[in-house]
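# Chain and residue survey
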Amino acid sequence: MSIAWADGEYDPKEQALIEDLIRSEWPQEEGKTLDPLSPEALAAQLQPEFREDFLRTAVMTAVADGVYSESEDQLLHRFATALGLELPQLDLLKTTLATSEAGSRQTLTPIQADAGHPEPTNLLDPLRHWMDGIQVRDPRVARFLCRMIPSQCPFEQDVVVFGHKVMHIPPMCKLNPLYDQVVGLRFRALSLLAEKGEDTTQYV
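Residue positions within a chain follow its written sequence, with the count starting from 1. Confidence filtering applies because this is a predicted model: local features only for residues at pLDDT of at least 70, side-chain atom pairs given and counted only at 80 or more, and all residues used for totals across whole chains, interfaces and linings. Processing note: side-chain calculations cover all non-hydrogen atoms of the structure and skip hydrogens and water entirely.

The protein appears in an unreviewed UniProt entry as TerB family tellurite resistance protein from Thermostichus vulcanus str. 'Rupite'.

Here it is, written out as structure tokens:
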């Protein structure tokens, strides 16, 4: 919820997702006003062995929609500082930002390779390896991730005019340099639920 509020745009989709999560996983909290969690409050309660996985999940939440804002970046760094984590991977994430014309929204875009510099894939490898290290241990978190991360890119479609396909819009989320990591996390969440004997067809 803190990440959802970070960019100042708590859209209906995010709101419905979080309210559904609370209703299904923590019914005793339904109807209560849940304020965004401060990094300091989190650090006071979160056990050390879960801190890095929390931050990985927070990064996934921030980039799952392919949009990464300056305010989200600042909040993630505040979380890292409060949790006592020094993560150069977060600085790599910031290098993928490209400012839109409005100057207020930024999208994750592949880094362009310059002459004499490593290929973009190599530049982001430390970040990708770090993100791949997340462990999904809690079924409640797994259900949240399966709801938050779509089973397929919602932007891929054919444009049909008078019964003829005139254009194919590619899956734009694949331009997100962390797309494979987001999809991989969803797969691990589904696997955990399947191991627990839960019906995962609702997430497909």
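### Regarding the packing of aromatic side chains
Convention followed: Each Phe, Tyr or Trp ring (for Trp, its six-membered ring) is paired with any other whose centre lies within 6.5 Å, and the angle between the two planes then decides the class: stacked below 30 degrees, edge-to-face above 60, tilted in between. Here a strand is any run of E in DSSP of at least two residues, a helix any run of H or I of at least four, and the numbering for each starts at the N terminus. Throughout this description, buried means an accessible area under 20% of the type-specific maximum (1.4 Å probe, protein chains only), exposed means over 50%, and partly exposed covers the range between.
Using the criterion set out here, one finds one aromatic pair in the structure. Seen in terms of ring centroids, F54 and F79 are 5.3 Å apart; in terms of plane orientation they differ by 75 degrees. Their pairing is edge-to-face. Residue F54 is located in helix α4 (residues 48-63), and its partner F79 is located in helix α5 (residues 70-82); the two are separated by 25 residues in the primary sequence. Using a relative accessible area of 25% as the deciding quantity, one classes F54 as partly exposed. Looking at F79, the relative accessible area reads 2%, which means it is buried.

### Quick look at the pattern of salt bridges
The test is simple: Any carboxyl oxygen of Asp or Glu within 4 Å of a side-chain nitrogen of Lys or Arg constitutes a salt bridge here.
According to the stated counting rule, one finds seven salt bridges in the structure shown. Its salt-bridge partner being R128, residue D125 comes within 3.7 Å of it at the nearest N-O pair. Separated by three residues within a single helix, D125 and R128 lie in helix α7 (residues 120-132), roughly one turn from each other. Taking relative accessible area as the criterion, D125 reaches 23% and is therefore assigned partly exposed. Judged by its relative accessible area of 16%, R128 is buried. D138 is the salt-bridge partner of R140, the closest N and O atoms lying 3.0 Å from each other. What emerges from the salt-bridge pattern is a single network uniting E52, D53, R56 and R137.

### Section: helix α9 (residues 179-195)
Basically, it comes down to this: Expected span of a helix: the number of residues minus one, times 1.5 Å.
Taking 1.5 Å per residue, 17 residues should reach 24 Å; α9 reaches 25 Å between its end C-alpha atoms and fits that length. Once α9 finishes, G197 follows within two positions and takes phi at roughly 85 degrees, a positive value.

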